[in-house]
Amino acid sequence: MGLKDKVHDGINYLVNILKREQSESGSWEYPFETGISTDCYMIILLRSLEIDDENLIKELGKRILSRQEKNGAWKIFYDEEGDGNLTATLEAYYALLYSGYYEKSDKRLRAARRFIVANGGAHKAHLFTKIMLAITGQYKWPDFFPIPLEFILLPTSFPINFYQLSVFGRANLLPIMILAEQKFILKTERSPDLSELFLREEEETEDYSEEWRDFTSLVTDGLEKIVGLPSQLKKRARTKGKQYMLAHIEKDGTFYSYFSSTFLMIFALITFNDKRLQPIIKRAVNGLKGMRTTINGYTHMQYTTASVWNTSLISYALQEAGISSEDEVVVKANQYLIQKQHHLYGDWVIHNSNASPGGWGFSNINTINPDVDDTTASLRALARSVTTNFSHRQAWDRGVLWLLSMQNEDGGWPAFEKNTNRSFLKLLPIEKAEFILADPASPDLTGRTLHFLGDFTNLKAPHPAIQAGVRSILRNQEKDGSWYGRWGICYLYGTWAAITGLTAVGVLPSHTAISKGIEWLKRIQNKDGGWGESCKSDSAGKFVPLVSTLTHTAWAVDALIAASERPMKAIDKGIDFLLTHLDREDWTTAYPKGQGMAGDFYIHYHSYRYIYPLLALSHYKNKYMASGHKNI
């Protein structure tokens, strides 16, 4: 069989899988898988609230145990440094004990306990895990918390204020601030004793610098001058904090549609001791339960759903593969996307006051928190139908205007809110603050936006928005020729997005930046023709190789195709790898391809192994196979 036939067969194979997996609503409901943390937290939440959903607790316990390593630890990705992840192992140990179905004498828990103690004990866990332990009475709240609750009262005119945190930071930090101010603890008769995991008799006070104690004083002193009545500051801050949470609850009861922020909100609302909040708390719990999914026969609590993201990417990929925009599968998908376009104002308007709603969010739940990446993805999916469908055209116009309005002053595009990447955020004494509290422009988001603007709109290369975006990408190239991708793994993702974005807006392949990027991709290609990158790259701050994976290979091949007029050997070797491994099923196909927090939070997108190989094969066919180019 010749290469042409193999490429056609590969495309058809992937298209048929995706068509078969579409839901009745027109969406694709592939799981948003994030390890075991949410499974653990769900058990801990249900037991803390004394909600006896025994079937769910048992099911989650089974999944947690299914992921345990032989040494008793849990990992968050396959090639993680050391023998396991202390934080994940601590969370699993706690959840399994609290479930009531496993005893400390169980050999699996004994092995987990040995790992935790051998690696420094519970004190070495991630900050957010310590907060969960403090809430549930297993860990002492620090005497001093670095960000006072009164911070929420500072007006937006202040150089430092609540709305300069990222939306994700606000959603998670606000309930923590409420809980820390109260030093809230909720223990039950079933709470396990974790004292053996703490290697010091008494927790030491967190070593916050004098600068941050001065910062706290600055906030409160400043507020007293503006607001007055210092004795009322905490009360007013608590009231405003509660109002903020209640105003950002989605229809399913979740706070911003995120598991972590909803989990924290539930406990924060309990601190108000208000019976009127009980139905809201109950609805929030049910909203979290609604995020359950099944993976390989096991129940998993998703951090959120990825319905809009999956659907927009798949609709676009199918159309790139030659499926008509009038095909029933595409029509149903795009109608679903039209229904999910945002019509409400969210917090994004605070830094973008002249724009109207028009973006898309990540999940089917989300109505107030649109993001740039989902917006460009949805607009790509709709692009071929806007000239014939009036409702699609209206949605398109609103979406493009919102997208353009979201460009940062530095020329790049952020994820959720513009111009919120203040330098002081990186100095906050919060672990991984740069990932939790900041929302900077990044080469991957900016590259994907330029790709959309260049290939799907009438904006020309000299347009100021495009030129500013190009400068942002060029400014952020690494010395080795790669680009860092904030939302994927990692340098392969960023380099793919940057190169495809730059070429789409007319930057020539001969440009030094693109040439360097192409040489870097060729240099790191594996001997089998594929590409792979470890999750360790983000913590290391440099590319860390991995055995070849389908998704990484597809990104690299697609970038090379975008910048190559003829199918060079590196491309053909990559195409051969994809065709040979399309039906592959091993740890590489379950390896995370998305990230949320370096070293701690990674995402396995079940759809990526189909979407990106389909795009790479389709672009190869569309660019080269009809033109008769010979390999070089």
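Just so it is clear, the model here is predicted, and its values are computed rather than measured.

### Details of the packing of aromatic side chains
Taken as a whole, this structure holds 39 aromatic pairs when the rule is applied. The interplanar angle of 80° and the centroid separation of 5.4 Å between the aromatic rings of Phe-162 and Tyr-163 together place this pair among those described as edge-to-face. Both rings, one in Phe-168 and one in Tyr-303, keep their centres 6.5 Å apart while their planes meet at 40°; by these two values the pair is tilted. Pair noted here: Phe-168 is in helix 7 (residues 167-182) and Tyr-303 is in the loop between strand 3 (298-301) and helix 12 (307-320), with a separation of 135 residues, a long-range link. Under the relative-accessibility criterion, Tyr-303 is labelled buried at 8%. Feature note: the residues Phe-32, Trp-309, Phe-362, Tyr-493, Trp-496, Trp-555, Tyr-605, Tyr-608 and Tyr-612 constitute an aromatic cluster, connected by ring pairs. Sitting over the face of the ring of Trp-487, Arg-486 holds its NZ or CZ atom 4.2 Å from the ring centroid.

### Comments concerning the environment of Ser-442
Position of Ser-442 relative to the elements: it lies in the loop between helix 16 (433-436) and helix 17 (443-456). For Ser-442, a relative accessible area of 5% corresponds to the buried category. C-alpha separation for the pair Ser-442 and Ala-415, spaced 27 residues apart in sequence, amounts to 8.5 Å. Here Ser-442 is in contact with Trp-413, Arg-486 and Trp-487, once residues within four sequence places are set aside. Among the polar contacts listed, one links the side chain of Ser-442 to the side chain of Asp-444, at a separation of 2.6 Å.

### Section: helix 23 (residues 569-581)
Counted at 1.5 Å a residue, the expected span for helix 23 with its 13 residues is 18 Å, and the 18 Å between its end C-alpha atoms agrees. Of the residues making up helix 23, those classed as buried are Ala-570, Ile-571, Asp-572, Gly-574, Ile-575, Phe-577, Leu-578 and Leu-579. Next to the buried residues of helix 23 lie helix 1 (3-21), helix 20 (512-523), strand 4 (531-533), strand 5 (545-549), helix 22 (550-562) and helix 24 (608-625).

### Re the environment of Ala-554
Within the fold, Ala-554 resides in helix 22. As a C-alpha pair, Ala-554 and Trp-531 span 23 residues in sequence and 8.3 Å in three-dimensional space. Beyond its immediate stretch of four places on either side in the chain, Ala-554 contacts Leu-578, Tyr-612, Pro-613 and Ala-616.

Each value, and the rule that gives it
- Residues numbered from 1 in each chain as written.
- Predicted model: local features only at pLDDT ≥ 70, side-chain atom pairs only at ≥ 80, totals over all residues.
- Heavy atoms only, no water.
- Phe/Tyr/Trp six-rings, centres within 6.5 Å; stacked < 30°, edge-to-face > 60°.
- Helix = DSSP H or I, 4+ residues; strand = E, 2+ residues; numbered from the N terminus.
- Buried < 20%, exposed > 50% of the residue type's maximum accessible area, 1.4 Å probe, protein only.
- Lys NZ or Arg CZ within 6 Å of the ring centre and 35° of its normal.
- Contact = heavy atoms within 4.5 Å.
- Polar contact = N/O pair within 3.5 Å; in protein donor to acceptor, adjacent residues only side chain to side chain.
- Expected span 1.5 Å × (residues − 1).

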